[in-house]
Structures are given as structure tokens and as C-alpha cells.
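# Residue-level structural notes
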There are 2 protein chains.
Amino acid sequence: MVPFYGRHQAGIATPQQSNVMFASLDVTDASRDELRGLLRYWTGAAARMTRGVAAVEGGGRPTRPPWDTGEALGLGPSQLTVTFGVGPSLFTSDGVDRFGLGSQRPAALADLPRFSTDELDPSLSGGDLCIQACADDEQVAFHAVRELVRLGHGLVTVRWSQAAFLPRVEPGATPRNLLGFKDGTDNIRGDDRTALDRFVWAGAESPAWMRGGSYLVARRIEFLLDRWDGSSLQEQEATFGRRKVSGAPFGGRAEHDLIDLRAGGTDAIPANAHVRLAAPATNSSQRILRRPYSFVDRGAGSQLPAGLLFLAYQRDPRRQFVPIQRRLSASDALNEYIRHTGSAVFAVFPGVRRGQALGGTLLAGSA
Amino acid sequence: MVPFYGRHQAGIATPQQSNVMFASLDVTDASRDELRGLLRYWTGAAARMTRGVAAVEGGGRPTRPPWDTGEALGLGPSQLTVTFGVGPSLFTSDGVDRFGLGSQRPAALADLPRFSTDELDPSLSGGDLCIQACADDEQVAFHAVRELVRLGHGLVTVRWSQAAFLPRVEPGATPRNLLGFKDGTDNIRGDDRTALDRFVWAGAESPAWMRGGSYLVARRIEFLLDRWDGSSLQEQEATFGRRKVSGAPFGGRAEHDLIDLRAGGTDAIPANAHVRLAAPATNSSQRILRRPYSFVDRGAGSQLPAGLLFLAYQRDPRRQFVPIQRRLSASDALNEYIRHTGSAVFAVFPGVRRGQALGGTLLAGSA
């Protein structure tokens, strides 16, 4: 099991599990006090579920709904992590400061700009709150979100949700995405405290309630598989700037070989290759902690609908995700094969100690 | 790995893996000869993929699309099984005998009748062909279907598809569905040859090309989770006729205890309980081999869309699934909490020996 309590929430720098159930929620009818109560309730329920026990303590009466929906009974902790955040619309929505929190909104929690390649579906974007449940069993991840939504009945509703997965690779190996490529090889490691402090954890520039938290950008990226599958191996490799089978960058022999952006001749990484445009060297040395999962949606039509739920944690999206995505959006060769159809940004709370509630500092006092 | 060749196709009586990718396809533009060629091609590709190697042999040229889409590279066989069948519409569609196969249509491959509770979406129902890929890795199952669809480019298109999963339980344990209940406890075992011959494998009553095959009924069953989660433990247990936590039938103490339909008093199984109506004793001793998987769809709205992809194999749906579903449809207490939104029936070919092609006997000769 992954410990729930700590300086940072689990599910950010902790190892990626095989499955995620991600839900964005809207607060439909709650006061600030009720919201604080819900987050306290959720904190306890999440801590319990990560230990592999029912979300709510106690037996329940047979004449009442069961105290736990039950589908995760007997499955154990399965490395469950449950991670909570709040979106820009919780602070200000249509100019209204709904909960008297407007002055506490972090500057880093800015609405994302529109990128030139965006084809966003509003019903798959945004949200007042988010829950990211990751586990090594899809049913355990689903159960966690379902229980929390149920506990918030009458206060919150699901705005959009996405289940996604990784292939079962050896620990440390980079999973392939559904385009068949290894991507995200050069990610920030969960034990690299220097990089985490520099690029992931909110510091003194964020309001007190966010210090030790992080900012999550969630993007739903659909893959145009038919088009991709019709492109040549040459085109595919030039699109990423990597070899398909080995995962090696152009000019390298193995996956983890250095990406040499200055190489010429046959080793040259094309100007619009994904690895070049996403590389820290191209982006003022900025890095983001990526936690991406593949998805396969129900299909009804002539496509197999599949893609990537791109989840990325960072200290300030205005200096990290936004400029990187502006660059990708302007010239990434991959754009021909993908569509960004969902987008959201959240301020993900710092961790808590036993007895504390997530969001307690933010929601303290009355509106 | 699970052997591909044999008297029966793998993926029917072989142990259930953790994931399924199910696709129903339509033949858009193919002659009988082309269809036979495609099935030969598919047979070889499926046999290769179940061994954990690329669908198509050979290296490919960099100026051509890769010989394999690549996302399953390095993942090994993962117990992959790939199972193929043909739907009624392949034989006759709008009164037209499309491939000169009309006279070979098995009587057992009848269109399913409309059941009183059906709320079918035509875009999630029917199909000329089906591919069921099961594996212990979602990416491996997805890859198999994607490769086969790609190999059929120009001849077939996907009509509907569904990825689904099971929780990771101990071997032999019954997985819980997303209503939190153990269901399907009394399934036909893969090593019970007597029951398989009696209830699952097509015999002399089927045309020669189907002997040793089976008939698959696929139903997409959505769960109304909000309504279910608002019902009391008592109601839930009475709906199934089982205890939620132990899985024991009313009157029993453990999951595998006998379902006593004649018990009275507090042990009585209600008249409209799911276990009573689905029990062989209620259905002229008929049984079906169930291979159900749970699904969680992308959500955009106030529900978490989830349910069951019910896959059931049998010797003759007219004497097995149809009367059972008529009974369930008329009075199953579960109907209040579920909706059947997709439906299809397929004749699933018998197995083949190395060198033979699936459907070879059916498609031999010219139209």
C-alpha cells in the first residue's frame, strides 16, 4: 500500500500504477462550510480506502444503503492513491466569487489559454474539483471515485470522467503509448527531490494553503489511429524523433541515450519532431512531471476511439505546460495524428497529517 | 500462453483473463473470396499474436507503414486469446444473400427476439463478424483487435467495440460486478467436458462448418449506479437472492452453497430474485457458459457510466439464452437498476489445426 498521509499527496511523485480513474466534479449546491465538511469526509474516506478497507467505518443497517458499494471488497489496497485538487471555477465562475475564496486563488491557477490546435469539448473540460484515483486494479480505482462521488451526493456531481490504463511493463521500463512509441522517457523521477522542489512542488510564490501542493494539467488527447497506421515507419519515427522498436532517440542506440538536438546528417532530429519541441533544452530548461495513461473508449462507428489522458504536475503551468504546449501546438509533427478534446487545470492540495483535512487551510473560516 | 490451435477456439472454455477488447465488424466491400482470404490472414495473425509476436511476419520497409503497430512489443503473450464469429447479417441482410451463404446459416443463429426491457441502440448492436480478444493486459487485448481491423482495411469496418475488465482476484474466486455482488458463481467449468458438450459446443444439429463451435450472445448492460447506490442493503440482497459481503445465496453461509429455491421463511429466495430466475432449475435445466466483463465508459454528465459486457456461449440460444432472458426480462428484480443497450449474436467457429483457416469450410467454393 502507498501511505496516504505525508507532506505531499500520494499519486503525484509516487510510482505510477497500472490504472487511473479520473473524475472532474462540479459543486452544484453547497456552502463553504458544507464544502469544508465534504473535504474532511473525503480525506478520511480516501485514507481508509488506500488501506484497503471500506470508505466509511461501521456496519450500516440493512434498511439503509450499504456503507460501501462493495465492488472492491477483498481486493486489498492494490497500491491505491487518491489525489484531490480544485479548479479555477471554484474561485471565480462568470465573475462570481462563489465561496468567498477569490482572494486565495493562486496566480498559477490561471485558466489555460486557447491553443491553436485545440478542439475542446466543453463537456470534457474544466471542473470545480478533481479526483485522481490510481491503483494496480481498475476496479479498485473505479470504486474509490464512485464512493467519493456517492459521499458527495447532493453537493457535487461528476462533470466528466475517464478510466485509463498502462500496459504491465517491468518496473522502470517506459510503457508504450497506443501509437506504439515510448514517450516520456526523460521524466522527473519520484526520488529526485531537487527536481521535484524546482519543477513540481508549489513553493513560497504560491499562497500558504498550496505550499507543497502542485498544479495539474489534464488533457484528453484523441489519437487518429487510422491516419497514424497509414503512415510509414519513416514518418512515424521522424514525428517522434525516436526509433519505434528500440525507443532510442535519433542518433542514439538505446532508449535512455541522450537526445542530441545539435546532431546533423542522418542523426539529425527533425525541427518539428515531438522530442525536440518537448525537450527541456527547447523550453528554457523547464520540465514537467508527466503521469500519462492510455484510454480506449466505447466505439460506435468506424474508428477504435483511443488516446492519451495526459496528466502533468508542475509548479506553475504559466511557465511550464503553457509555453511547452504553445510550441507543440504551433509545429509538433504529431499534431497531424492527434486531437486535444478535453482540458482542465487544478490546484492539487499539499498533503496532510493524520487528523487534518485536505483543503482545510483554504476553506477555514466563513465566506 | 494459451494455445491457439485446437478442436475449439480458445477464449470460450479457457480461463477468463483480466481484460477483453470486443469488436463487432461489418463487411463493407468484399467478395466471398476476399472474405475467405481475410479469415485466412486473420487466422495466421491471431495465432502469431497469441505467441506474443507481431501479427505479420517480416521486417517491412521504412517507406511503408510498420508491419505491426507496436504497442504490444515486449509485453509477451499475456495469455492472449482471439476468438472469431459471424453474425446473422453475414448470411442474409435485408433479404439479400450477400455471399451465397444463406443455405448454410445455422437455425441456432436466429436473430434475437425483442425482449420487453430492451432499450437497444442500433449503433451498439449486431454486426457481420466479431472478434473477442482477451488477455491479462488491456494493451495486448487492444492491440490484437487493432491489428486485425487494420489487416482488414478496405474490407471491414468496426461497427461497435467495447473494452472491459475484471478485478484481479485469486484464481477460482468469483469476481464481483460493479453492483458489488458476486454473480455467475455457478458457471460451467472449463474442465467439465460433459457440461460443455451438452450446453456449449455445437453438435450434429448444427451445420458441418459449426460443429465444435459455439453461439455467442453479447449484451451491453448499463448499470444505473445512482439508483442502485440509493437502495438499501436489504433491497440489494433481495434483488440478487444473495448476501452482499459473503456472496452466499439466501439460506446458505458461503458463496458456493447450494441455491435452495424451495426454502421458506427467512431463507426464502424471493420470487423475482435474479438467482432464482437465472437458475437452471427455473429454466428446464438449461445452462450457459458466461464470460462477463465489467466496463467503465468515458463520462460527460452527472453519471459514472458503467456496466457489464455480458458474453455468454451456448449450443443454441433459442433454447438457452432466449428463454432465460425472456424470464428475466419479465420479472427480474434487477431490471429496475439496469438497461440492456446493446445486443448481438454470433456463430463462433470451431477451432482449427495449424495450416487451416477459420471459416474455411463455410467460405469454401464460390458464391
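What you are looking at is a predicted structure, and each value in this text was computed from that prediction instead of being measured.

A separate point is the overall build of chain A. A tally of helices and strands in chain A yields nine helices and ten strands. At 21 Å, chain A has a C-alpha radius of gyration in line with the 21 Å of a compact globule built from 367 residues. Its C-alpha atoms put chain A at 70 × 45 × 40 Å along the principal axes. Scored against the burial criterion, the 367 residues of chain A give a buried share of 51%.

Residues apart from glycine generally show negative phi values, whereas peptide bonds are mostly found in trans. Residues and elements named next belong to chain B. Within the chain, Asp 94 stands out as a residue other than glycine whose phi angle is a positive 50 degrees. Residue Asp 94 is classed as exposed on the basis of its C-beta count, with 6 C-beta atoms lying within 10 Å. The backbone of Ser 285 sits at a positive phi, close to 65 degrees, despite the residue not being glycine. For Ser 285, the location among the structural elements is in the loop between helix H7 (274–278) and strand E6 (289–290).

Now for the nonpolar core. Counting residues in hydrophobic clusters, the biggest one holds 212 residues, and the most contacted among them are Ala 133 of chain A together with Ala 133 of chain B. Not counting residues within four places of it along the chain, the set of residues in contact with Ala 133 of chain B comprises Val 20, Met 21, Leu 80, Val 82, Ala 141, Ala 144 and Val 145 of chain B.

This part takes up the relation of the copies chain B and chain A. You can overlay chain B on chain A at an RMSD of 0.0 Å; the transform is a turn of 180 degrees with a shift of 0.0 Å along its axis. Considering both components of the superposition, the chain copies are consistent with a two-fold axis. When each C-alpha of chain B is compared by its distance to the rotation axis, Asp 297 of chain B comes out closest, at 3.2 Å. The residues that chain B uses at the interface reappear at the interface of chain A in 98% of cases, marking a shared surface.

On to the interface of chain B and chain A, then. If you look at the interface, chain B gives 51 residues, while chain A gives 50 residues. Elements supplying a minimum of two residues to the side of chain B that touches chain A: helix H3 (138–151), strand E4 (156–165), helix H5 (225–229), helix H6 (233–240), strand E7 (293–296) and strand E8 (299–300) of chain B. Examining the composition of the side of chain B that touches chain A, we find that seven residues originate from one element, E4 of chain B, more than from any other. Across the side of chain B that touches chain A, the residue classes tally to 20 nonpolar, 19 polar and twelve charged. Bridging between strand E8 (residues 299–300) of chain A and E4 of chain B involves two bridges; their strand directions are antiparallel. If you follow Ala 300 of chain A over to E4 of chain B, its bridge partner there is Trp 160 of chain B.

The next thing to look at is helix H1 (residues 32–50) of chain B. Given 3.6 residues per helical turn, the α-helix brings residues three or four places apart onto the same face. Residue and element names in this part refer to chain B. In this model H1 runs 27 Å from its N-terminal to its C-terminal C-alpha over 19 residues, within 8% of the 27 Å that 1.5 Å per residue would give. Along H1, the positions that sit buried rather than exposed are Leu 35, Arg 36, Leu 38, Leu 39, Trp 42, Thr 43, Ala 45, Ala 46, Met 49 and Thr 50. If you follow the buried residues of H1, they end up packed against strand E1 (19–27), strand E2 (81–86), H3 and helix H9 (360–363).

It is worth spelling out the pairing of strand E7 (residues 293–296) of chain A at this point. Residues and elements named next belong to chain A. Neither face of E7 is exposed, since Tyr 293 and Phe 295 on one face and Ser 294 and Val 296 on the opposite face are all buried. As defined by bridge partners, E7 adjoins strand E9 (residues 306–314) across four bridges and the pair is classed as antiparallel. Counted as the bridge partner of Val 296 is Ala 306 from E9.

To continue, consider the pairing of strand E10 (residues 338–348) of chain A. Residues and elements named next belong to chain A. Of all eleven residues that make up E10, nine are buried, and the element is covered over most of its length. Pairing between strand E2 (residues 81–86) and E10: two bridges, direction antiparallel. Bridged to Gly 85 within E10 is Val 348. Relative to E10, strand E5 (residues 214–223) runs antiparallel, the two sharing ten bridges. Bridge assignment links Val 217 to a residue of E10, and that residue is Val 345.

With that settled, the discussion passes to the environment of Phe 99 of chain A. Residues and elements named next belong to chain A. By the secondary structure assignment, Phe 99 is in the loop between helix H2 (88–91) and strand E3 (129–135). Classification of Phe 99 by C-beta neighbours within 10 Å gives buried; the count is 24. A C-alpha to C-alpha distance of 52 Å links Phe 99 and Phe 250, two positions 151 residues apart in sequence.

Residues and elements named next belong to chain B. With their axes 10 Å apart at the nearest point, H1 and H3 run at an angle of 155 degrees to one another. When the axis of H1 is compared with that of H3, the two are roughly antiparallel. For the pair H1 and H3, the crossing hand works out as right-handed. Packed against H1, whose contacting residues are Tyr 41, Trp 42, Ala 45 and Met 49, the element H3 presents Ala 144, Glu 147, Leu 148 and Leu 151 at the interface. Among the residues making up the contact of H1 with H3, the classes are represented as seven nonpolar, no polar and one charged.

Moving on, we get to H6 of chain B. Residue and element names in this part refer to chain B. Taken together, the buried positions of H6 are Leu 233, Gln 236, Thr 239 and Phe 240. The buried residues of H6 occupy one face: seen down the axis, they fall within an arc of 125 degrees. Contact partners of the buried residues in H6: H7. One or two steps after H6, the chain reaches Gly 241, where phi turns positive at roughly 80 degrees.

This part takes up the confidence of the model for chain A. Overall, the predicted model of chain A reaches an average pLDDT of 95, with 99% of residues at or above 70. Scoring of the predicted complex yields 0.97 for pTM and 0.97 for ipTM.

Attention now goes to the environment of Thr 239 of chain A. All names here are of chain A. The topology assignment puts Thr 239 in helix H6 (residues 233–240). Given 23 C-beta atoms within 10 Å, Thr 239 falls into the buried group. In contact with Thr 239, other than residues within four places in its own chain, are Ala 273, His 274, Ala 333 and Leu 334.

Okay, the environment of Met 210 of chain A next. Residues and elements named next belong to chain A. Locating Met 210 in the fold gives a position in the loop between helix H4 (193–199) and E5. Note on Met 210: 25 C-beta atoms within 10 Å, which makes it buried. Residues Met 210 and Pro 106 lie 104 residues apart in sequence; the distance between their C-alpha atoms is 8.0 Å. If sequence neighbours within four positions are ignored, Met 210 has contacts with Pro 106, Ala 202, Ala 347 and Pro 350.

What counts and how
- Residues numbered from 1 in each chain as written.
- Chains lettered and ligands numbered in written order.
- Predicted model: local features only at pLDDT ≥ 70, side-chain atom pairs only at ≥ 80, totals over all residues.
- Helix = DSSP H or I, 4+ residues; strand = E, 2+ residues; numbered from the N terminus.
- Rg over C-alpha atoms; globule rule 2.2 N^0.38 Å.
- Buried ≥ 20, exposed ≤ 12 C-beta atoms within 10 Å, placed from the backbone.
- Core = buried A, V, L, I, M, F, W, Y, C linked by C-beta atoms within 7 Å.
- Contact = placed C-beta atoms within 7 Å.
- Least-squares fit on C-alpha atoms with pLDDT ≥ 70 in both.
- Nonpolar A, V, L, I, M, F, W, Y, C, P; charged D, E, K, R; others polar.
- Pairing = 2+ DSSP bridges.
- Expected span 1.5 Å × (residues − 1).
- Axes fitted to C-alpha atoms, helices over the stretch in contact; angles between N-to-C directions.
- Parallel < 35°, antiparallel > 145°, perpendicular 65-115°, else oblique.
- Left-handed = near helix turned anticlockwise from the far one by under 90°.
- Arc of directions from axis to C-beta.
- pLDDT = per-residue confidence, 0-100.

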